[in-house]
Amino acid sequence: MAVRKHIRDLTVRSGEYIGERFVLLKCTDENAPLPPMLPGQFAQLRVDGSKTTFLRRPVSINYVDTSDNEVWFLIQIVGDGSRALARLKSGDSLNALLPLGHGFTMPRGQSDSYLLVGGGVGVAPLLFLGDRIREMGGSPSFLLGARTSEMLLEKDMFRSLGNVYITTEDGTEGERGFVTHHSVWRERRFDMISVCGPSPMMKAVARKACDMDMPCEVSLENMMACGMGACLCCVEKTVRGNVCVCTEGPVFDVKELNW
Amino acid sequence: MADLRTNIGGLELRNPVITASGTFGYGIEFEDVVELHRIGGIVMKGTTYEPRQGNDYPRMAETACGMLNCVGLQNRGVMYFAENIYPRIRKIDSRMIVNVSGSSPEDYARCAAVVDSLDDIPAIELNISCPNVRDGGMAFGVTTEGAASVVRAVRKAYRKTLIVKLSPNVTDIVSIARAVEAEGADSVSLINTLMGTAIDIEKRRRMLSIGTGGLSGPCIKPVALRMVCQVAHAVDIPVIGLGGICSAADAIEFIMAGASAVEIGTANFLDPAVSVKVVDGIDEWLDSHDVASVRDIIGVAE
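Predicted, not measured: the structure shown is a model, and the values here were computed from it. (Residues numbered from 1 in each chain as written. Chains lettered and ligands numbered in written order. Predicted model: local features only at pLDDT ≥ 70, side-chain atom pairs only at ≥ 80, totals over all residues. Heavy atoms only, no water.)

## Some details on the pairing of strand β7 (residues 95–100) of chain B
Residue and element names in this part refer to chain B. Across the six residues that make up β7, a large majority, five, are buried. As defined by bridge partners, strand β4 (residues 41–47) adjoins β7 across five bridges and the pair is classed as parallel. Within β7, the residue paired with Gly-41 across the bridge is Arg-95. Traced from β7 through helix α2 (residues 105–116) to strand β8 (residues 123–127), the parallel crossover comes out right-handed. (Buried < 20%, exposed > 50% of the residue type's maximum accessible area, 1.4 Å probe, protein only. Helix = DSSP H or I, 4+ residues; strand = E, 2+ residues; numbered from the N terminus. Pairing = 2+ DSSP bridges. Right-handed = clockwise from strand over helix to strand, strands pointing away.)

Laid out in structure tokens, this is it:
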């Protein structure tokens, strides 16, 4: 589904650190209702006040609260660009180009069972996706993986939406190991597996889903410049040749990818 | 309202602001956020006769005040353009210009001949300066004989306005400009990207898939401006200036350096609506300085 792109000066309502490496920015548009956005879509955020950051930063839409005209961005601090975004405080302005890209396939019927698999900051788009699935009458389940318990993000939010299964690499919470090791794979089948996280993790989950003959969609994070299909920098090899992740994705059916 | 009309090699533009190839898609990608009819011209993606997959990912690296890219002319070929894209863009109310590339003079000419038959495309920009493909591209643009051979072949196949985009990766850009003028180019645009590279120190390897890429963005503006000055003094055909333009002030610098029009490239990534802001900014500057027409300031810099 195509939705119209906008350039908006958002206002930050709050910027809250989660541990030392993650920040949750809650933003609003004080002048207009936020545009319609779909789970899996992203925004290109302009980074002001960083001498070393030139391009916008693509950040997935973590959550949209329509009644409160609020959009959330969950940001991992990796370099100067994300550090500058993390410094934003309540009342600051944030220029955003949004919504961009092609999101997750939504359930066709209420009974469709979804397993949303997230690793690290990759859980971000799954909160919005889970919320919308639930709004449509479905009951999403979540499988969240992290290195350690402290790096499990927005756990309580996920718990309010459905079953949450957890793995940590050090065993500090949930089952020890990677998401693909979790016992839920032996106990249940799903109509759709929706994945976002580090590339090795997504590839492992995609393989598992294919082995078990379950449809699987992944959200890719290729480096991009424009976010609008103009620069052709963020391409991924697919069965259709090189395609832009920013417009054809970021969400892809794994059957389309050359994985 | 000042008079913003300008002319590049017989082609009149409603204002001197053009979006640069490879930074603005086919225009339609941007129509949600920009009023396309307010842009003087749109140079569309690089187009070749045969389809091309381009280079492998990663194709970009961010740099201080700019970026490197090595896209490598990914496109679906001129026949696909003519049949599938042209019908969707032909009614856009701006000058729609096709950027043409190839691997031999004949290849360029074949592609240009197809575009020649498209009524609503009034001009092509010949890319003899792409630094990211092995066969052709910049290979032609770095010698006077190579540049002349491509323009000679294309001039025979193409009747409308022919703009030639020059490479800055040369010892003497003036001699190249003169060579393409002598072969019948109607205009030259400069500069294309400057070749560069970047290294990931943790991985101990170069960041781009083919090792090198073209540098663009505000970091190249002083180099571009110097070359526009040099070329504008040396040729009689109109010059289109580009390289790092982000604002109306940047554009006016290029016009004062001798450019009859400007192209905006990488800045479209930072603000997709920047081109229209530059148009408005030029207009305001002219009004506030009591200059009736943008043509009155072309090449005025001493």
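Text resumes after the structure shown.
## Overview of the interface of chain B and chain A
Taken together, the contact between chain B and chain A spans 33 residues of the former and 28 residues of the latter. Interface of chain B and chain A: buried area, both sides summed, is about 2600 Å²; carbon and sulfur atoms make up 60% of it. The largest per-residue losses of area from chain B upon contact with chain A belong to Asp32(B), Tyr57(B) and Met60(B), which jointly make up 25% of the total buried on that side. For the salt bridge of Asp56(B) with Lys237(A), the shortest nitrogen-to-oxygen distance reads 2.8 Å. Inspection of the region where chain B meets chain A yields 13 residue pairs in polar contact (both at pLDDT 80 or more). Elements with a minimum of two residues in the side of chain B that touches chain A: β5 (60–63), β6 (66–69) and α8 (267–270) of chain B. Taken together, the residues of the side of chain B that touches chain A sort by class into 14 nonpolar, twelve polar and seven charged. (Contact = heavy atoms within 4.5 Å. Buried area = accessible area lost by both parts, 1.4 Å probe. Salt bridge = Lys/Arg side-chain N within 4 Å of Asp/Glu carboxyl O. Polar contact = N/O pair within 3.5 Å; in protein donor to acceptor, adjacent residues only side chain to side chain. Nonpolar A, V, L, I, M, F, W, Y, C, P; charged D, E, K, R; others polar.)

## Re the sheet that holds strand β3 (residues 17–19) of chain B
Residues and elements named next belong to chain B. Spatial ordering of the closed barrel is given by β3-β4-β7-β8-β9-β10-β15-β16, a layout of eight strands whose pairing is parallel. The sheet shows a mean angle of 25° between the axes of neighbouring strands, taken without regard to direction. Both strand β9 (residues 161–165) and strand β10 (residues 187–190) contribute to a ladder of three bridges, which runs parallel. Counted as the bridge partner of Val-164 is Val-188 from β10. Its contacts with the sheet place α2 against β4, β7 and β8, and it is angled at close to 160° to β7. (Axes fitted to C-alpha atoms, helices over the stretch in contact; angles between N-to-C directions.)

## Concerning the pairing of strand β2 (residues 22–28) of chain A
Note on strand geometry: in a regular strand, side chains alternate between the two faces of the sheet. Residue and element names in this part refer to chain A. The buried fraction of β2 amounts to seven of the seven residues, a majority that puts the element mostly inside the structure. Residues Phe-22, Leu-24, Lys-26 and Thr-28 line one face of β2 and the alternating positions Val-23, Leu-25 and Cys-27 line the opposite face, and both faces are buried. Relative to β2, strand β1 (residues 6–18) runs antiparallel, the two sharing seven bridges. Bridged to Gly-15 within β2 is Leu-25. In this antiparallel pair of consecutive strands, β1 and β2, the connection spans three residues, and Gly-19 shows a positive phi of 65°. The pairing of β2 with strand β6 (residues 70–76) spans seven bridges and is antiparallel.

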